Amino acid sequence: MPQSAPSWTSVHRSERLADTPAVQHDGHWWLVSPAGTMLASDPVFNAELDCFAVDMAASDRAVAKLHAERTAASDPVREARR
């Protein structure tokens with residue numbers, strides 16, 4: 001078992017996987033709550049968390065790209081400088 005488990009007080013909201021209690025810390029998935037911290041040890045569950053994390057990252061990138069395109073389209077001077 002990894003030595004350092006995250007604690008409820010040390011985990012920032014931005015570190016959680018999409019506002020879930022799942023946190024990846026030192027390469028392991030943990031479920032963190034005020035009641036305590038538990039290592040997620042089920043390989044199937046961990047694989048689903050990995051897939052969800054990859055999908056969330058892709059979604060975040062797509063939204064950022066759309067936002068950048070919308071901002072560029074609304075600022076013709078900025079677009080002309082490119």
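What counts as what
- Residues numbered from 1 in each chain as written.
- Predicted model: local features only at pLDDT ≥ 70, side-chain atom pairs only at ≥ 80, totals over all residues.
- Heavy atoms only, no water.
- Helix = DSSP H or I, 4+ residues; strand = E, 2+ residues; numbered from the N terminus.
- Buried < 20%, exposed > 50% of the residue type's maximum accessible area, 1.4 Å probe, protein only.
- Areas by Shrake-Rupley, 256 points an atom, 1.4 Å probe, with all protein chains shown as cover.
- Salt bridge = Lys/Arg side-chain N within 4 Å of Asp/Glu carboxyl O.
- Pairing = 2+ DSSP bridges.
- Axes fitted to C-alpha atoms, helices over the stretch in contact; angles between N-to-C directions.
- Contact = heavy atoms within 4.5 Å.
- Expected span 1.5 Å × (residues − 1).
- Polar contact = N/O pair within 3.5 Å; in protein donor to acceptor, adjacent residues only side chain to side chain.

Below, the discussion takes up the overall build of the protein. Scanning the protein for helices and strands turns up two helices and three strands. Ordered by position in the sequence, the α and β elements of the protein form the string β-β-β-α-α. Taking all 82 residues of the protein together, the buried fraction comes to 16%. When the accessible area of the protein is evaluated, it comes to approximately 6200 Å², of which 57% is carbon and sulfur surface.

This next bit is on the pattern of salt bridges. A pair can form between side chains of opposite charge whenever their charged atoms are brought close. Going through the model one piece at a time under the given rule, you end up with one salt bridge. The closest approach of N and O atoms between Lys65 and Glu69, which form a salt bridge, is 3.9 Å. Of this pair, Lys65 and Glu69 both sit in helix 1 (residues 43–74), four residues apart, which is roughly one turn of the helix. What makes Glu69 partly exposed here is its relative accessible area of 42%.

Here we take up the sheet that holds strand 3 (residues 36–39). In space, the three strands of this open sheet follow the order 1-2-3, with antiparallel pairing throughout. Whereas interior strands pair on both sides, the edge strands pair on one side only; in this sheet they are strand 1 (22–25) and strand 3. On average, each strand axis in the sheet is tilted by 35° relative to the strand beside it, whichever way the strands run. Summarising the sheet, strand 2 (residues 28–33) and strand 3 pair through four bridges and their orientation is antiparallel. Each residue of the ladder has a partner; that of Leu31, found in strand 3, is Met38. In the packing of helix 1 onto the sheet, the strands contacted are strand 1 and strand 2, and the crossing angle to strand 2 comes to about 90°.

So, on to helix 1. The terminal C-alpha atoms of helix 1, which comprises 32 residues, lie 46 Å apart, in line with the 46 Å expected from a rise of 1.5 Å per residue. Along helix 1, the residues that are buried comprise Asn46, Leu49 and Ala72. The distance from a side-chain oxygen at the start of helix 1 to the backbone nitrogen of Val44 is 3.1 Å, and the residue carrying that oxygen is Asp42.

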